[in-house]
Amino acid sequence: MPYPNSSDVASGQPTAAAHYNNLRKDAVYLGNVSADSVNLATFLQSFVLNMNIEYLAVARLRVPFDSQKPASVMISGCMLVQTANIDLPAAQFSGGAAVWYIFANRTPGVTSFTLTVNTSPVPGADQKLIGECYWNGTAIAPLSIRSYSNGGDTRLPAYDSGWFACSYNNTYAKAHGLGQFPRECIAFYSATNDNSTYRCGPISASNGTNVIDIVYWDATNVYIKNFNHASAGAIACSAGNAGSGYYRIFAWV
């Protein structure tokens, strides 16, 4: 339909209901009616742009400021834009090894945002989940930091097994809970479960003669069946071979 519906008015022109209603439709629904369109606040509630999350220190994270590409986010219907580096305060991590989730937080009366972390991915009031990282019990693993809005992370998997220990001559079955055949599955290998070493994916392993893909799936599970080879049965790739380490599975519908 044509947009905008509203039009200029002349000085002294009497106010008409149509003027107001058309102006409201333009502002709230981009010229549509509520039966055909959600309002702009609802449409933009998941908006996140240029949200880069970087390693700052052993237990610190930063959203760096770029005046040409500032991080922008909608939280609780409020449009927020950073104006300087935004750093996670000190002493936010504790306890043993775990995945920690990163949140942008709104403060009433402030048009930028702050950072917090939590072991639960469920946002509280005036929070938006923006990423994750792995805390190994003493430090953040730099390579584990993920911003959900950037790069490959825009295709978040429907299933994530998390890192789990593996060794050669085993079959692993992970229930993905998707209720159907996944459209795509990728398994990754890492020598450690904190992403601090090299990782490979998609993964393959060796039976001593050939290097073969070792991942397959059905409507219930994703499987990894490796080989009885002590030095290459868990992984065989250009970065190296190993008989043990850690796998992680992603699946999409």
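These numbers were taken from a predicted model, which means no experiment stands behind them.

Draft legend 1. Main features of the overall build of the protein. Within the protein one finds two helices and 22 strands. Over its C-alpha atoms the protein spans a radius of gyration of 24 Å, topping by over 25% the 18 Å that the globule rule assigns to 253 residues. By principal-axis analysis of the C-alpha atoms, the protein measures approximately 90 × 45 × 30 Å. Within the protein, residue pairs in contact and separated by at least 24 positions form 59% of the contacts whose partners lie at least 6 positions apart. Here the protein has roughly 13,500 Å² of accessible surface; of this, 53% comes from carbon and sulfur atoms. Between the averaged position of the 14 positive side-chain charges in the protein and that of its 14 negative side-chain charges there is a distance of 3 Å.

Draft legend 2. The side chain of Ser72, seen in detail. Summarising the element assignment, Ser72 is placed in strand E4 (residues 72-75). Contacts of Ser72, omitting those with residues within four sequence positions, involve Phe47, Val48, Leu49, Met51, Leu80 and Val81.

Draft legend 3. Structural view of the nonpolar core. Ranked by internal contacts, the top residues of the largest apolar core, which has 22 residues, are Leu61, Val63, Phe93, Ile102, Phe113, Leu115 and Cys133. Those elements that provide at least two residues to this core are strand E3 (60-63), E4, strand E7 (98-105), strand E8 (114-118) and strand E9 (127-135).

Draft legend 4. The arrangement of the sheet that holds strand E1 (residues 48-49) in detail. Spatially, E1-E4-E5 is the arrangement adopted by the three strands of the open sheet, whose pairing is antiparallel. With one partner strand each, in any of the chains shown, E1 and strand E5 (78-81) form the two edges of the open sheet. Sheet topology places E4 next to E5; four bridges connect them, and they run antiparallel. Note that in E5 the partner of Met74 across the bridge is Met79.

What counts, and at which threshold
- Residues numbered from 1 in each chain as written.
- Predicted model: local features only at pLDDT ≥ 70, side-chain atom pairs only at ≥ 80, totals over all residues.
- Heavy atoms only, no water.
- Helix = DSSP H or I, 4+ residues; strand = E, 2+ residues; numbered from the N terminus.
- Rg over C-alpha atoms; globule rule 2.2 N^0.38 Å.
- Contact = heavy atoms within 4.5 Å.
- Areas by Shrake-Rupley, 256 points an atom, 1.4 Å probe, with all protein chains shown as cover.
- Lys, Arg positive; Asp, Glu negative; His and termini not counted.
- Charge placed at Lys NZ, Arg CZ, Asp CG, Glu CD.
- Core = buried A, V, L, I, M, F, W, Y, C linked by side-chain atoms within 4.5 Å.
- Buried < 20%, exposed > 50% of the residue type's maximum accessible area, 1.4 Å probe, protein only.
- Pairing = 2+ DSSP bridges.

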